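Survey of secondary and tertiary structure
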Amino acid sequence: QVQPVESGGGLVQAGGSLRLSCTSSGRPLDRLAVGWFRQAPGKERESVGAISWSGGDTDYTNSVRGRFTISRDDAKNTVYLQMNNLKPEDTAVYFCAAGGFSLDSAHYYYWGQGTQVSVSS
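What comes next concerns the included structure. Predicted model, so just to flag it, every value in this text is computed and none were measured. (Residues numbered from 1 in each chain as written. Predicted model: local features only at pLDDT ≥ 70, side-chain atom pairs only at ≥ 80, totals over all residues. Heavy atoms only, no water.)

**Focus on the nonpolar core**
Inside soluble globular proteins, nonpolar side chains tend to come together where they are buried. Put simply, the rule is: Joining through side-chain atoms within 4.5 Å is the link that ties buried Ala, Val, Leu, Ile, Met, Phe, Trp, Tyr and Cys residues into a set, and such a set is a nonpolar core. Remark: exposure states derive from per-residue accessible area (1.4 Å probe, protein chains only) relative to the maximum for the residue type, with buried under 20%, exposed over 50%, and partly exposed in between. Numbering of helices and strands starts at the N terminus; helices are DSSP runs of H or I of at least 4 residues and strands are runs of E of at least 2. The contact criterion used is simple: two residues touch if any of their non-hydrogen atoms lie within 4.5 Å.
Of all hydrophobic cores here, the largest spans 26 residues; its most connected members are Trp36, Phe68, Val79, Leu81, Met83 and Tyr94. Going through the elements one at a time, strand S3 (18-24), strand S4 (33-39), strand S5 (46-51), strand S7 (68-73), strand S8 (78-83), strand S9 (92-99) and strand S11 (115-120) are the ones with two or more residues in this core. The element contributing the most residues to this core is S9, with four residues. Setting aside chain neighbours within four positions, we find Val79 in contact with Leu20, Ser21, Cys22, Leu29, Val34, Trp36, Ile51, Ile70, Ser71 and Arg72.

**A closer look at the sheet that holds S8**
Where we set the bar: Pairing between strands is defined by DSSP: at least two bridges between the two strands are required. Axis definition: a line fit to C-alpha positions, over the contact stretch in the case of helices; interaxial angles, taken between N-to-C directions, run 0 to 180 degrees.
Strand order in the open sheet made by the four strands is S1-S3-S8-S7, with antiparallel pairing throughout. Every other strand in the sheet has two partners, leaving strand S1 (4-7) and S7 as the edge strands with one partner each. If you compare each strand with its neighbour and ignore which way they point, the axes differ by 20° on average. Two strands pair when backbone bridges link them, and S7 and S8 are joined in this way by six bridges, in the antiparallel orientation. Within the sheet, the bridge partner assigned to Ser71 lies in S8 and is Tyr80.

**Some details on the state of the cysteines**
The cut-off we apply is this: The rule for a disulfide is simple: a pair of cysteine sulfur atoms within 2.5 Å.
Counted under the stated rule, the structure contains one disulfide. Bridging Cys22 to Cys96, the disulfide has an S-S length of 2.1 Å. Judged by the torsion about the S-S bond (70°), the Cys22/Cys96 disulfide is right-handed. Here Cys22 is found in strand S3, whereas its partner Cys96 is found in strand S9, with 74 residues between them in sequence. Comparing Cys22 with Cys96, the two get one shared label, buried.

**Considering the pairing of S5**
The element S5 is largely enclosed, with a buried count of five among its six residues. Where S4 meets S5, five bridges bridge the pair, whose relative direction is antiparallel. Residue pairing across strands places Phe37 opposite Ser47, the latter belonging to S5. Between S4 and the antiparallel strand that follows it, S5, lie six residues; Gly42 among them carries a positive phi value of about 80°. Pairing between S5 and strand S6 (residues 58-60): three bridges, direction antiparallel. Within the sheet, the bridge partner assigned to Ala50 lies in S6 and is Asp59. Between S5 and the antiparallel strand that follows it, S6, lie six residues; Gly55 among them carries a positive phi value of about 80°.

Put into structure tokens, the structure is as follows:
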């Protein structure tokens, strides 16, 4: 019913910025928390951050805090991940997911298929 779809990935040089978008091709994302996660080849999936269903609360993993910002615009059925001062270690496939507000992936039920972010040195 809720079908998240990510967009906005690409190749950027270190120090640059990208903005990812997450929309739903099915039921809207409103009244659902949205989390962002990433996975690099050969590594475990890790949380990036999350935003509550109302947009009133956000949380971030330590490695991105101060550089990444999550926001949402329910009128546009979109959640954003603004990434600034990108580093090569940010290279990964980025996923958005809808569910309960948490940095734990087990709290999310609806997942997108991911978008590639590559940061060159």
